[in-house]
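Understanding the architecture of this molecule
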Amino acid sequence: MTPGVGRGPGTRAGRRPGGTRDAHAGAAPRPVGCAIVTVSDTRGRGDDPSGDLLLRRVERGGHAVVSRDWVTDDAPAIRRVVRAALARRDVDAVLVTGGTGVAPRDVTPEAVAPLVQRWLPGFGELFRVLSHREVGGAAWLSRAAAGVARGRLLVILPGSLAAVRLAADRLLVPELAHAARLLGRFKRGE
(Lines give C-alpha, C1' and ligand atoms only; values in the text may rest on other atoms or scores of the structure.)
Protein backbone atom coordinates (compact mmCIF):
# COMPACT_ATOMS: atom_id res chain seq x y z
CA MET A 1 0.00 0.00 0.00
CA THR A 2 1.29 3.45 -0.89
CA PRO A 3 1.26 5.75 2.15
CA GLY A 4 -0.67 8.94 1.67
CA VAL A 5 -2.37 8.02 -1.59
CA GLY A 6 -5.95 9.18 -1.61
CA ARG A 7 -5.59 11.84 1.00
CA GLY A 8 -6.91 15.23 0.05
CA PRO A 9 -5.22 18.50 0.88
CA GLY A 10 -5.37 19.18 4.59
CA THR A 11 -6.71 15.74 5.53
CA ARG A 12 -5.33 12.66 7.20
CA ALA A 13 -6.51 9.16 6.29
CA GLY A 14 -9.84 8.58 7.97
CA ARG A 15 -10.32 12.21 9.00
CA ARG A 16 -12.10 15.06 7.27
CA PRO A 17 -11.34 18.75 7.68
CA GLY A 18 -12.88 19.78 10.98
CA GLY A 19 -11.96 16.47 12.63
CA THR A 20 -15.01 14.39 11.69
CA ARG A 21 -14.49 10.68 11.14
CA ASP A 22 -15.36 9.09 7.80
CA ALA A 23 -15.31 5.30 7.73
CA HIS A 24 -14.84 5.34 3.94
CA ALA A 25 -11.81 7.59 3.92
CA GLY A 26 -8.29 6.32 3.92
CA ALA A 27 -5.41 5.49 1.69
CA ALA A 28 -6.05 4.01 -1.73
CA PRO A 29 -4.10 0.93 -2.80
CA ARG A 30 -2.72 2.88 -5.76
CA PRO A 31 -3.08 6.35 -7.24
CA VAL A 32 -6.40 6.99 -8.95
CA GLY A 33 -5.66 7.50 -12.65
CA CYS A 34 -7.20 10.75 -13.88
CA ALA A 35 -7.68 12.22 -17.33
CA ILE A 36 -8.03 16.01 -17.40
CA VAL A 37 -9.89 17.58 -20.32
CA THR A 38 -10.03 21.35 -20.71
CA VAL A 39 -12.92 22.69 -22.79
CA SER A 40 -12.17 26.17 -24.14
CA ASP A 41 -12.00 28.18 -27.33
CA THR A 42 -9.14 30.24 -25.88
CA ARG A 43 -7.10 27.95 -23.59
CA GLY A 44 -4.62 25.27 -24.62
CA ARG A 45 -1.34 23.60 -23.78
CA GLY A 46 0.88 26.20 -22.11
CA ASP A 47 -2.02 28.54 -21.27
CA ASP A 48 -4.46 26.64 -19.05
CA PRO A 49 -4.35 27.94 -15.46
CA SER A 50 -7.43 26.00 -14.32
CA GLY A 51 -6.28 22.74 -15.86
CA ASP A 52 -2.81 23.27 -14.38
CA LEU A 53 -4.34 23.90 -10.94
CA LEU A 54 -6.48 20.77 -11.20
CA LEU A 55 -3.43 18.72 -12.17
CA ARG A 56 -1.47 20.03 -9.16
CA ARG A 57 -4.36 19.36 -6.76
CA VAL A 58 -4.89 15.81 -8.06
CA GLU A 59 -1.18 15.01 -7.81
CA ARG A 60 -0.85 16.65 -4.40
CA GLY A 61 -3.69 14.38 -3.28
CA GLY A 62 -1.55 11.37 -4.19
CA HIS A 63 -3.24 10.53 -7.48
CA ALA A 64 -1.93 10.45 -11.05
CA VAL A 65 -2.82 12.48 -14.12
CA VAL A 66 -2.40 9.91 -16.90
CA SER A 67 -3.66 12.05 -19.77
CA ARG A 68 -4.45 15.66 -20.53
CA ASP A 69 -6.35 17.06 -23.51
CA TRP A 70 -7.73 20.37 -24.77
CA VAL A 71 -10.82 20.71 -26.92
CA THR A 72 -12.90 23.60 -28.25
CA ASP A 73 -16.45 24.34 -27.13
CA ASP A 74 -17.97 21.96 -29.68
CA ALA A 75 -20.27 19.19 -28.42
CA PRO A 76 -19.21 16.42 -30.86
CA ALA A 77 -15.51 17.23 -30.28
CA ILE A 78 -15.96 17.25 -26.49
CA ARG A 79 -17.79 13.93 -26.61
CA ARG A 80 -15.06 12.41 -28.80
CA VAL A 81 -12.24 13.46 -26.44
CA VAL A 82 -14.11 12.34 -23.30
CA ARG A 83 -15.05 9.03 -24.93
CA ALA A 84 -11.38 8.42 -25.80
CA ALA A 85 -10.33 9.15 -22.20
CA LEU A 86 -12.99 6.76 -20.88
CA ALA A 87 -11.65 4.03 -23.17
CA ARG A 88 -8.19 4.10 -21.59
CA ARG A 89 -7.51 1.23 -19.17
CA ASP A 90 -5.42 3.46 -16.88
CA VAL A 91 -8.18 6.06 -16.43
CA ASP A 92 -10.37 5.78 -13.33
CA ALA A 93 -11.80 9.31 -13.50
CA VAL A 94 -12.28 11.88 -16.24
CA LEU A 95 -12.19 15.47 -14.98
CA VAL A 96 -13.46 18.09 -17.40
CA THR A 97 -13.08 21.85 -16.87
CA GLY A 98 -15.01 24.48 -18.79
CA GLY A 99 -18.25 24.84 -20.68
CA THR A 100 -20.62 24.42 -17.72
CA GLY A 101 -22.18 27.89 -17.66
CA VAL A 102 -25.26 29.23 -19.43
CA ALA A 103 -23.64 31.02 -22.37
CA PRO A 104 -24.53 29.66 -25.82
CA ARG A 105 -21.02 28.14 -26.23
CA ASP A 106 -21.26 26.29 -22.87
CA VAL A 107 -22.20 22.82 -24.12
CA THR A 108 -20.16 20.45 -21.96
CA PRO A 109 -23.16 18.99 -20.04
CA GLU A 110 -25.01 18.30 -23.29
CA ALA A 111 -21.87 16.85 -24.87
CA VAL A 112 -21.20 14.31 -22.13
CA ALA A 113 -24.82 13.45 -21.24
CA PRO A 114 -25.06 10.58 -23.78
CA LEU A 115 -22.00 8.96 -22.12
CA VAL A 116 -23.37 9.07 -18.56
CA GLN A 117 -24.97 5.88 -17.22
CA ARG A 118 -25.86 7.34 -13.82
CA TRP A 119 -25.79 10.92 -12.59
CA LEU A 120 -24.49 11.74 -9.13
CA PRO A 121 -26.61 14.82 -8.40
CA GLY A 122 -25.10 15.37 -4.96
CA PHE A 123 -21.84 16.60 -6.49
CA GLY A 124 -23.42 19.53 -8.33
CA GLU A 125 -25.76 20.30 -5.46
CA LEU A 126 -22.94 20.42 -2.92
CA PHE A 127 -20.65 22.33 -5.28
CA ARG A 128 -23.30 25.04 -5.69
CA VAL A 129 -23.88 25.25 -1.92
CA LEU A 130 -20.14 25.71 -1.31
CA SER A 131 -19.84 28.06 -4.27
CA HIS A 132 -22.71 30.18 -2.94
CA ARG A 133 -20.57 31.00 0.08
CA GLU A 134 -17.95 32.49 -2.27
CA VAL A 135 -19.93 34.02 -5.16
CA GLY A 136 -23.42 34.45 -3.76
CA GLY A 137 -26.50 33.94 -5.89
CA ALA A 138 -24.50 33.50 -9.10
CA ALA A 139 -23.73 29.94 -7.92
CA TRP A 140 -27.00 28.68 -9.37
CA LEU A 141 -25.76 29.54 -12.88
CA SER A 142 -23.20 26.72 -12.69
CA ARG A 143 -24.01 23.37 -14.28
CA ALA A 144 -21.14 21.50 -12.58
CA ALA A 145 -22.04 17.83 -12.36
CA ALA A 146 -20.75 14.31 -11.88
CA GLY A 147 -21.79 10.90 -13.04
CA VAL A 148 -20.67 7.40 -13.87
CA ALA A 149 -19.63 6.67 -17.45
CA ARG A 150 -18.21 3.32 -18.57
CA GLY A 151 -17.70 2.40 -14.94
CA ARG A 152 -15.58 5.47 -14.29
CA LEU A 153 -16.17 8.75 -12.49
CA LEU A 154 -16.91 11.64 -14.85
CA VAL A 155 -16.85 15.15 -13.36
CA ILE A 156 -17.56 18.40 -15.20
CA LEU A 157 -16.40 21.63 -13.57
CA PRO A 158 -16.53 25.31 -14.42
CA GLY A 159 -13.36 26.67 -15.98
CA SER A 160 -12.63 29.39 -13.42
CA LEU A 161 -9.66 29.05 -11.08
CA ALA A 162 -11.80 29.66 -8.01
CA ALA A 163 -14.33 27.00 -9.02
CA VAL A 164 -11.65 24.41 -9.79
CA ARG A 165 -9.87 25.13 -6.50
CA LEU A 166 -13.11 24.84 -4.53
CA ALA A 167 -14.23 21.62 -6.23
CA ALA A 168 -10.81 19.97 -6.11
CA ASP A 169 -10.03 20.82 -2.50
CA ARG A 170 -13.44 20.39 -0.90
CA LEU A 171 -15.14 17.69 -2.95
CA LEU A 172 -13.18 15.90 -5.61
CA VAL A 173 -9.68 15.05 -4.38
CA PRO A 174 -10.78 13.99 -0.87
CA GLU A 175 -13.26 11.50 -2.38
CA LEU A 176 -11.44 10.23 -5.50
CA ALA A 177 -10.24 7.01 -3.88
CA HIS A 178 -13.64 6.42 -2.28
CA ALA A 179 -15.42 6.86 -5.62
CA ALA A 180 -12.91 4.63 -7.43
CA ARG A 181 -13.36 1.95 -4.78
CA LEU A 182 -17.16 2.10 -5.03
CA LEU A 183 -16.95 1.82 -8.82
CA GLY A 184 -14.78 -1.31 -8.54
CA ARG A 185 -11.71 0.35 -10.06
CA PHE A 186 -9.35 -1.34 -7.57
CA LYS A 187 -8.67 -5.04 -7.97
CA ARG A 188 -9.67 -7.38 -5.17
CA GLY A 189 -6.93 -7.45 -2.57
CA GLU A 190 -5.64 -3.96 -3.47
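Residues numbered from 1 in each chain as written. Predicted model: local features only at pLDDT ≥ 70, side-chain atom pairs only at ≥ 80, totals over all residues. Heavy atoms only, no water.

Structural notes on the nonpolar core
The biggest cluster of nonpolar side chains holds 31 residues, and the ones touching the most others in it are Leu54, Leu95, Phe123 and Val155. When contributions to this core are tallied by element, the ones reaching two or more residues are strand E1 (33–39), helix H1 (49–60), strand E3 (93–97), helix H4 (121–135), strand E6 (152–157) and helix H5 (161–182). Per element, the largest residue contribution to this core is 12 residues, and it comes from H5. With near-sequence residues (within four places) excluded, Phe123 lies in contact with Ala144, Ala145, Ala146, Val155, Ile156, Leu157, Ala167 and Leu171. Of all hydrophobic cores here, the second largest spans 22 residues; its members include Ala35, Val37, Val107 and Ala145. (Core = buried A, V, L, I, M, F, W, Y, C linked by side-chain atoms within 4.5 Å. Buried < 20%, exposed > 50% of the residue type's maximum accessible area, 1.4 Å probe, protein only. Helix = DSSP H or I, 4+ residues; strand = E, 2+ residues; numbered from the N terminus. Contact = heavy atoms within 4.5 Å.)

Some details on the confidence of the model for the chain
This prediction gives the chain a mean pLDDT of 88; 85% of its residues lie at or above 70. Note that pLDDT drops below 50 for residues 1–23; the model gives that stretch 49 contacts with residues more than four away or on any other chain. (pLDDT = per-residue confidence, 0-100.)

Observations concerning the pairing of E6
Counting buried residues in E6 gives six out of six residues, a clear majority hidden from the surface. Of the two faces of E6, the one holding Arg152, Leu154 and Ile156 and the one holding Leu153, Val155 and Leu157 are both buried throughout. The pairing of E3 with E6 spans five bridges and is parallel. Its bridge partner lying in E6, Leu95 is registered against Val155. Pairing geometry for strand E5 (residues 145–149) and E6, over five bridges, is antiparallel. Residue pairing for E6: Ala146 is matched across the bridge by Val155. (Pairing = 2+ DSSP bridges.)

A closer look at the sheet that holds strand E4 (residues 118–119)
Strand order across the open sheet formed by six strands is E2-E1-E3-E6-E5-E4, with mixed pairing between neighbours. What marks the edges here is a single partner per strand, and that holds for strand E2 (64–71) and E4. Pairing of E1 with E2, which is carried by seven bridges, proceeds in the parallel orientation. By the bridge assignment for E2, Cys34 is matched with Val65. Of the strands in this sheet, E4, E5 and E6 touch H4, which is tilted by about 30° from E6. Against the sheet, H5 contacts E1, E3 and E6, and its axis sits at roughly 175° relative to E6. (Axes fitted to C-alpha atoms, helices over the stretch in contact; angles between N-to-C directions.)

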